[in-house]
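# A structural walkthrough
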Amino acid sequence: MADQLKLIIKPYPEDGIAEIYFSFRDRFFPSEHWTDLKRVLSVWRSALSDDGSDDTLFFMDGPYWFGVHKMDQDAYLFTFYDESEDALEPITRYVAKSAEYRGLRQTLMQWA
């Protein structure tokens, strides 16, 4: 498994459902093989702009969400939360390079 941030999307035969989760540093968010509604990808694509403006994005299924903050020209802070725990305290953070952010956006463009 790679150390870089990746968005994994694997559609199910059922219309509108897919495995949607993040992979990074031998971790998964919300979890490996997490299933959610594919339409969440369109929302994320709209929110994650080319210039990397800050945003908070939610999974449609479950108490999971994440924030994205552009730190500088080459770094984006992803902060992951689980509302079933303490939603004010992140469960993990990941600093992505601009190439990782662009790769994530490219993945969204293919599916959303």
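Residues numbered from 1 in each chain as written. Predicted model: local features only at pLDDT ≥ 70, side-chain atom pairs only at ≥ 80, totals over all residues. Heavy atoms only, no water.

### Observations concerning the side chain of threonine 107
Topologically, threonine 107 is positioned in helix α2 (residues 98–111). In this view, threonine 107 contacts Leu7 and Ile9; residues no more than four positions away in its chain are not counted. (Helix = DSSP H or I, 4+ residues; strand = E, 2+ residues; numbered from the N terminus. Contact = heavy atoms within 4.5 Å.)

### Here's the deal with the environment of lysine 70
Inspection of the secondary structure puts lysine 70 in strand β6 (residues 64–72). Taking the C-alpha atoms as reference points, lysine 70 and aspartate 54, separated by 16 residues in sequence, lie 6.3 Å from one another. Once you skip the residues sitting within four places of it in the chain, lysine 70 turns out to touch Asp51, Gly52, Asp54, Ala75 and Tyr76. One polar contact links lysine 70 to glutamine 73, side chain to side chain, over a distance of 3.5 Å. (Polar contact = N/O pair within 3.5 Å; in protein donor to acceptor, adjacent residues only side chain to side chain.)

### Let's talk about the confidence of the model for the protein chain
Of all residues in the protein chain, 96% have pLDDT values of 70 or greater, and the mean over the chain is 89. Model confidence for the protein chain, summarised as mean pLDDT per element, is weakest for α2 at 90 and strongest for strand β2 (residues 17–24) at 96. (pLDDT = per-residue confidence, 0-100.)

### Overview of the packing of helix α1 (residues 40–47) against α2
It is the contact of α1 with α2, at a shortest axis distance of 9 Å, that shows an interaxial angle of 135°. Of the possible angle classes, the one that applies to α1 and α2 is oblique. The hand of the α1/α2 crossing is left-handed. Contacts between α1 and α2 involve Leu41, Trp44 and Arg45 from the former and Arg105, Leu108, Met109 and Trp111 from the latter. (Axes fitted to C-alpha atoms, helices over the stretch in contact; angles between N-to-C directions. Parallel < 35°, antiparallel > 145°, perpendicular 65-115°, else oblique. Left-handed = near helix turned anticlockwise from the far one by under 90°.)

### A short note on the packing of aromatic side chains
One pass over the full model with this rule turns up 20 aromatic pairs. Taking 5.4 Å as the distance between ring centres and 55° as the angle between the ring planes, the aromatic pair formed by phenylalanine 24 and tyrosine 94 counts as tilted. Of this pair, phenylalanine 24 sits in strand β2 while tyrosine 94 sits in strand β8 (residues 92–97), and the two are 70 residues apart along the sequence. Pair check on accessibility: phenylalanine 24 and tyrosine 94 agree, each one buried. Aromatic pair tryptophan 65 and tyrosine 81: ring centres 3.9 Å apart, planes at 10°, arrangement stacked. Pair noted here: tryptophan 65 is in strand β6 and tyrosine 81 is in strand β7 (residues 75–82), with a separation of 16 residues, a long-range link. Overall, tryptophan 65 belongs to the buried group, its relative accessible area being 14%. Taking the relative accessible area as the measure of exposure, tyrosine 81 reaches 14% and is therefore buried. An aromatic cluster is present here, built from Phe22, Phe24, Phe29, Trp34, Trp44, Phe59, Tyr64, Phe66, Phe78, Phe80 and Tyr94 joined pairwise through their rings. (Phe/Tyr/Trp six-rings, centres within 6.5 Å; stacked < 30°, edge-to-face > 60°. Buried < 20%, exposed > 50% of the residue type's maximum accessible area, 1.4 Å probe, protein only.)

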